[in-house]
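Listed below, chain by chain, are the residues.
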Amino acid sequence: TNPTTILNLERTANLLQKAIDKKIPISIFGDYDCDGITATAILLKTLQSLGATPAHRLPKRLSEGYGLNPKSIDEFTKGILITIDNGISAHEAIQKAKDLGFIVVIIDHHIAGDALPAADIIVDPHISPDDNGFADYCGAGLALKLAEIMVEDKDLLEELTTLAMLGTIADVVPLVKDNRRIVHEGLKLVNKKPNLCIGLGQLLSCKELKIINEKD
């Protein structure tokens, strides 16, 4: 799927590139599950490859729970705040960020409530599925599609694809269309270049497993 068919994703890429060029601080708030961690890693590696030095933060599962919380806003330097794999239900926290002068971007795949948060840009294909090329990405899948717009380095895109593959499988999103492609390509890459995903590559080496048939 062409990443520019995902509503507001190209707009997000343009905003982030301008922020990098102008050295505006960028902060990332992710999630503590596999999808959230891999999505955060993809976004972080993408921005770092373009010269940014973003702050990043995952919530503490036991003491904070899921999603962006108002207290965490105080930890970031005013600039651009991106939520990845969360944010679509964080009305109070996002309103606080806006009141403090942040530009807020939500990249999420969860179902929105009756009202949307007061973010500057929202990327969530489930808000308007008919206006998006494909709506069933997980957070890591959306992060990868953003990287496909912003990154030209083939080796880096391969590394990010293996991360998106892990997030896509772990979040149990439908393995159809572009999700299936992400998983298929990611698994082939891990078989051919185990160092792209070191932990999984070592597991396969120890167990002498082959996790994909190239004809599948």
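For the structure, check the block above.
Read on for an overview of the structure. (Residues numbered from 1 in each chain as written. Predicted model: local features only at pLDDT ≥ 70, side-chain atom pairs only at ≥ 80, totals over all residues. Heavy atoms only, no water.)

Looking now at the packing of aromatic side chains. Applying the stated rule across the entire model yields one aromatic pair. Arranged with centres 5.0 Å apart and planes meeting at 85 degrees, the rings of phenylalanine 134 and tyrosine 137 form a pair that is edge-to-face. Judged by relative accessible area, which is 5%, phenylalanine 134 ranks as buried. Looking at tyrosine 137, the relative accessible area reads 0%, which means it is buried. (Phe/Tyr/Trp six-rings, centres within 6.5 Å; stacked < 30°, edge-to-face > 60°. Buried < 20%, exposed > 50% of the residue type's maximum accessible area, 1.4 Å probe, protein only.)

With that settled, consider the pairing of strand 1 (residues 26–29). Each regular strand displays side chains that alternate between the two surfaces of the sheet. Of the two faces of strand 1, the one holding Ile26 and Ile28 and the one holding Ser27 and Phe29 are both buried throughout. Summarising the sheet, strand 1 and strand 3 (residues 80–84) pair through four bridges and their orientation is parallel. Bridge pairing in strand 3 places isoleucine 28 opposite isoleucine 82. Relative to strand 2 (residues 55–57), strand 1 runs parallel, the two being bridged by three bridges. Note that in strand 2 the partner of serine 27 across the bridge is alanine 55. (Helix = DSSP H or I, 4+ residues; strand = E, 2+ residues; numbered from the N terminus. Pairing = 2+ DSSP bridges.)

For isoleucine 94, the position within the fold is in helix 4 (residues 91–99). For isoleucine 94, a relative accessible area of 0% translates into the label buried. Counting along the chain gives 23 residues from isoleucine 94 to proline 117, while the straight-line C-alpha distance between them is 6.7 Å. Apart from the residues within four sequence positions on either side, isoleucine 94 is in contact with Leu68, Gly87, Val104, Ile106, Pro117, Ala118 and Ala119. (Contact = heavy atoms within 4.5 Å.)

For the rest of this paragraph, the subject is the side chain of threonine 168. Relative to the helices and strands, threonine 168 is located in helix 6 (residues 154–170). The class for threonine 168 is buried, based on a relative accessible area of 0%. With residues near it in sequence (within four places) discarded, threonine 168 still touches Cys138, Val173, Leu175, Asn179, Ile182 and Val183.

Counting 38 residues, the largest nonpolar core has Leu16, Ile26, Ile42, Leu47, Ile82, Ile107 and Leu146 as its most contacted members. Contributing elements (two or more residues each) for this core: helix 1 (9–21), strand 1, helix 2 (34–49), strand 3, strand 4 (103–107), strand 5 (121–123), helix 5 (139–150) and helix 6. Isoleucine 42 has contacts with Ala140, Ala143, Leu144, Ala147, Leu160, Leu163 and Ala164, leaving out every residue within four places of it along the chain. In this structure, Ile73, Phe76, Ala90 and Val104 belong to the second largest nonpolar core, which totals 15 residues. (Core = buried A, V, L, I, M, F, W, Y, C linked by side-chain atoms within 4.5 Å.)

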